[in-house]
Amino acid sequence: MVLCAIAPPSLLLRLADAGSRSAREAALETIRVSERLRGRRIAVARALREQGVAVPPDRPGVTANTVFDVEGGEESALPGRQVRGDGDPPSADAAVNEAYDHAAATVAFYREVHARESIDGRGLDLVSSVHFGQRYDNAFWTGEQMVYGDGGGGTFVAGALTRSLDVIAHELTHGVTQYTANLVYEAQSGALNESFSDVFGILVKQRAGGIDAASSDWLIGAGALEPSLGTALRSMLAPGTAYSGDDQPADMDSYRDLPVDDDPRNDSGGVHINSGIPNRAFAEAARTLGGNAWETVGPVWYTVLTERLRANAQFADAAAATIAVAAERYGDGSREHDAVRGGWDAVKVAPTPGDGAQRSSTRRPDPR
Ligand SMILES: [Zn+2]
């Protein structure tokens, strides 16, 4: 697994290319630090794999939530100084309280909706670090903890990264994925990895706000970008419309077949780009059904992520698996079954035959 950051590289690169001088410097710094942290994340994933994943004991209901302040330092300073421990009263620092409250809301979602104890299913303690770097325009899950920059470097409104519940739930869901399907973070499996984070990011936000599928804006990071750039990081319902230069395709006709290499413009084979396709399949299915998406299609996507997909799953496998689980859960030919199939139809993904759980024709590449 590589670093899972919220800002798509294409957006940062556009600023590095065309922004003001300060925006360009901030974007380049963000890319530079992200590339360094990627090495750390690979080392962690490799160690876990080589040891067989260490499984902590079950700790129902006792996930500790702790926030640290990196005070402008970078990865060598992580996690920083502890500023709010589990159960402590609020801090005077808004970023500390937002990181704390949104991590708690995300864990509550997984516990109350899916009976899942924290991101690993076994009560893993949550560690968040705020005030990473100088005007650092990104937030990410390192494989071990959450890290938030302050924004204000030209891409994000200052403070937006901790303020956005869906951004925090997106990042923590990368942890859920790491402990479950462990989708390889490149090309289609990587775009699915990104999409599951957006799906649960928006579901956590919808549930916290009592927002049903019809009234949701289906935007990830609404209001987080500088207004001159656009309204959000991604639109799940209308991929490609969130910001100026948003290059997400809305269906397979516009799929971007990008190389998997170290060039950030190629986004590890388009993981933040082609994720628009499965995102829209989910949003369309949820909108067709109406009501609360975390009670309709959300549980289908959760079962597929945690029980059905292999690490190298492709879009067609995810389509087959979600259609199969919808039929199992709600009945063959049910409204839900039809809505999930309709969602994948809308984005022109044909499901693989069967339930999507088996796929042996593609090799699982080494993480990079
Ligand atoms: Zn992500």
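Just so you know, these numbers come straight off a predicted model, no measurement behind them.

In this section: the overall build of the chain. When its secondary structure is counted, the chain shows eleven helices and eight strands. Within the span of the chain, comprising 368 residues, buried residues form 58% of the whole. Partitioning the intrachain contacts of the chain with sequence separation of at least 6 by distance along the chain shows that 68% fall at a separation of at least 24. When the accessible surface of the chain is split by element, carbon and sulfur atoms take 48% of a total near 13,800 Å².

Turning to the coordination of the zinc ion, a few remarks are in order. Think of it this way: four donors in a tetrahedron around the metal ideally sit 109.5 degrees apart, and six in an octahedron ideally sit 90 or 180 degrees apart. Those donors, His170 (NE2), His174 (NE2) and Glu194 (OE), are the protein atoms that reach the zinc ion, and they lie 2.1 Å from it. Between consecutive donors of the zinc ion, the numbers of intervening residues give the motif H-x3-H-x19-E. Pair noted here: histidine 170 and histidine 174 are both in helix 5 (residues 165–179), with a separation of four residues, about one helical turn. Like histidine 170, the residue histidine 174 is buried in the burial classification.

A word on the nonpolar core. Counting 82 residues, the largest nonpolar core has Phe200, Trp301 and Trp344 as its most contacted members. Of the residues that make up this core, three or more belong to each of domain 1 (4–179) and domain 2 (208–346). Here tryptophan 344 is in contact with Pro278, Ala281, Trp301, Phe315, Ala318, Ala319, Thr322, Ile323 and Val349, once residues within four sequence places are set aside. In this structure, Leu78, Phe132, Tyr136 and Val147 belong to the second largest nonpolar core, which totals seven residues.

Each neighbour pair has its own omega, and for leucine 78 with proline 79 the value is 0°, a cis peptide bond. Note on placement: proline 79 falls in the loop between strand 2 (65–69) and strand 3 (81–84). Unusually for a residue other than glycine, glutamate 71 sits at a positive phi of about 55°. Of note, glutamate 71 is situated in the loop between strand 2 and strand 3. With phi around 50°, serine 268 is a residue other than glycine that occupies positive phi space. Assignment of secondary structure puts serine 268 in helix 7 (residues 267–270). Residue serine 268 is classed as buried on the basis of its relative accessible area of 11%.

The next point concerns the environment of leucine 192. By the element assignment, leucine 192 lies in helix 6 (residues 187–209). With a relative accessible area of 2%, leucine 192 lands in the buried category. Along the chain, leucine 192 and asparagine 279 lie 87 residues apart, while their C-alpha atoms are 8.6 Å from each other. Excluding its chain neighbours within four sequence positions, the residues that come into contact with leucine 192 are Leu183, Pro278, Ala313, Gln314, Phe315 and Ala318.

The next thing to look at is the packing of aromatic side chains. Enumeration over the complete set of coordinates arrives at twelve aromatic pairs. Centroid distance tyrosine 110 to tyrosine 302: 6.3 Å. Interplanar angle 45°. Geometry classified as tilted. With tyrosine 110 in helix 3 (residues 94–114) and tyrosine 302 in helix 9 (residues 298–308), this residue pair connects regions lying 192 residues apart in the sequence. Residue tyrosine 110 is classed as buried on the basis of its relative accessible area, which comes to 1%. Their ring planes at 65° and their centres at 6.1 Å tell us that tryptophan 218 and phenylalanine 282 sit as a pair that is edge-to-face. Pair noted here: tryptophan 218 is in the loop between helix 6 and strand 7 (219–220) and phenylalanine 282 is in helix 8 (residues 276–289), with a separation of 64 residues, a long-range link. You can call tryptophan 218 buried: its relative accessible area is 0%. An aromatic cluster is present here, built from Phe109, Tyr110, Phe200 and Tyr302 joined pairwise through their rings. Taking NZ or CZ as reference, arginine 84 lies 3.6 Å from the ring centre of tyrosine 100, over its face.

We now examine the confidence of the model for the chain. Taken over all residues, the pLDDT of the chain has a mean of 87, while the share at 70 or more is 86%. Low pLDDT (under 50) marks residues 41–46, which in the prediction has 15 contacts with non-local residues, meaning those over four places away or in another chain. Residue range residues 359–368 is modelled with pLDDT below 50. Its contacts to residues more than four positions away, or to other chains, number 23 contacts.

Rules of the game
Residues numbered from 1 in each chain as written. Predicted model: local features only at pLDDT ≥ 70, side-chain atom pairs only at ≥ 80, totals over all residues. Heavy atoms only, no water. Helix = DSSP H or I, 4+ residues; strand = E, 2+ residues; numbered from the N terminus. Buried < 20%, exposed > 50% of the residue type's maximum accessible area, 1.4 Å probe, protein only. Contact = heavy atoms within 4.5 Å. Areas by Shrake-Rupley, 256 points an atom, 1.4 Å probe, with all protein chains shown as cover. Donors = N, O, S within 2.8 Å, 3.2 Å for Na, K, Ca; no water. Core = buried A, V, L, I, M, F, W, Y, C linked by side-chain atoms within 4.5 Å. Domains from an automatic or database assignment. Phe/Tyr/Trp six-rings, centres within 6.5 Å; stacked < 30°, edge-to-face > 60°. Lys NZ or Arg CZ within 6 Å of the ring centre and 35° of its normal. pLDDT = per-residue confidence, 0-100.

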